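Chain by chain, the residues run as shown.
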Amino acid sequence: MKEEPSAYDRFRERYDEGRVPWDDPLPPPEIMALADTLTPGRGLDLGCGYGRAAIYLAQRGWSMDGVDFVPQAIAVARQRARAAGVAGRARFHIASAAALPFLAPPYELALDIGCMHSFSEELLLGYRAEVLRLLPPGASYVLFAHLRGDDEAGDDGPRGIPEATLLNLLGGDFILERVERGTTRVEDKPPWNSGWFWFRRA
Ligand SMILES: C[S@@+](CC[C@H](N)C(=O)[O-])C[C@H]1O[C@@H](n2cnc3c(N)ncnc32)[C@H](O)[C@@H]1O
């Protein structure tokens, strides 16, 4: 029986082969708009990839930590931060977003652009514990996720999370201030339901 590649293997393979459709010099417009509304502080980018959001925010005065479990992604993020002259304000770490013992609170902002939506239940619990530990009450937490129905297996292509699972995971500890649902296309695959979620730590 052929074993399914792990999420790590799938992402590592993508970076090795340069199949990185989220590679862009700029972060999504939602992040740029956010930067216009918040006072710079300490920010955390979970599943940062090549660091486009962390570097953008560092250029606007934020002190950023980006985390990704693929070393190739972090190597490029560090190189790009140096090239942008913000290596001192955008630090990048090779780590699982569900285990961040080397980071200390408080962060005023956490971003997750397409990371946790592919997590197993166990990883989601570790991730939740870290976000709760690192964000104090009042902190912003902005999340982009592919969304799937409860009964969709989600075992091919980019994974998604049922919206109810996402809201149950964070509910109680985070106030959902705004949500924008839409669809996203990844490569030549059919469009996926997706959503931007703006939370505040209760
Ligand atoms: C869709 S990409 C988005 C990258 C980046 N946020 C951006 O918008 O450019 C998702 C990223 O999450 C990372 N990732 C997935 N699972 C992870 C985990 N358990 N811990 C850390 N990073 C993870 C992947 O390596 C990948 O770089």
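Residues numbered from 1 in each chain as written. Predicted model: local features only at pLDDT ≥ 70, side-chain atom pairs only at ≥ 80, totals over all residues. Heavy atoms only, no water.

Draft legend 1. Geometry of the overall build of the chain. A count of helices and strands for the chain gives 6 helices and 7 strands. Counting from the amino terminus, the chain carries its helices and strands in the arrangement α-α-β-α-β-α-β-β-α-β-α-β-β. Taking 202 residues into account, the globule formula puts the C-alpha radius of gyration at 17 Å, and the chain, at 16 Å, falls close to it. For the chain, the spread of C-alpha atoms along the principal axes amounts to about 50 × 40 × 30 Å. Here the chain holds 202 residues, and the buried ones make up 46% of them. The contacts of the chain with a sequence gap of at least 6 include a subset with a gap of at least 24, amounting to 69%. Summed over all atoms, the accessible surface of the chain reaches about 9900 Å², with 53% contributed by carbon and sulfur. One way to put it: in the chain the 23 positive side-chain charges average out to a point 6 Å from where the 29 negative ones average out. (Helix = DSSP H or I, 4+ residues; strand = E, 2+ residues; numbered from the N terminus. Rg over C-alpha atoms; globule rule 2.2 N^0.38 Å. Buried < 20%, exposed > 50% of the residue type's maximum accessible area, 1.4 Å probe, protein only. Contact = heavy atoms within 4.5 Å. Areas by Shrake-Rupley, 256 points an atom, 1.4 Å probe, with all protein chains shown as cover. Lys, Arg positive; Asp, Glu negative; His and termini not counted. Charge placed at Lys NZ, Arg CZ, Asp CG, Glu CD.)

Draft legend 2. Region of the structure containing unusual backbone geometry. Going from Pro105 to Pro106, the amide bond is cis rather than trans, its omega being 0°. Mapped onto the secondary structure, Pro106 falls in the loop between β3 (90-94) and β4 (109-113).

Draft legend 3. Representation of the pairing of strand β1 (residues 42-46) in the model. Buried residues dominate β1, accounting for 4 of its 5 residues. Of the pairings in the sheet, the one linking β1 to strand β2 (residues 63-68) comprises 5 bridges and is parallel in character. Bridging from a neighbouring strand, Gly43 pairs with Met64 of β2. The handedness of the β1 to β2 crossover, carried by helix α3 (residues 52-59), is right-handed. (Pairing = 2+ DSSP bridges. Right-handed = clockwise from strand over helix to strand, strands pointing away.)

Draft legend 4. Up close: the packing of aromatic side chains. Tallied over the entire structure, the rule returns 12 aromatic pairs. Summarising the aromatic geometry, the rings of Phe174 and Phe199 are spaced 6.1 Å apart at their centres and angled 70° between planes, so their arrangement reads as edge-to-face. Of the two residues, Phe174 is situated in strand β6 (residues 174-184) and Phe199 in strand β7 (residues 192-201); the sequence distance between them amounts to 25 residues. Accessibility assignment for this pair places Phe174 and Phe199 in one class, buried. Ring pairing ties together the aromatic residues Tyr8, Phe11, Tyr15, Trp22, Tyr50 and Phe69, which thus form one cluster. The residue whose ring lies beneath Arg201 is Phe174, and the NZ or CZ to ring-centre distance is 5.8 Å. (Phe/Tyr/Trp six-rings, centres within 6.5 Å; stacked < 30°, edge-to-face > 60°. Lys NZ or Arg CZ within 6 Å of the ring centre and 35° of its normal.)

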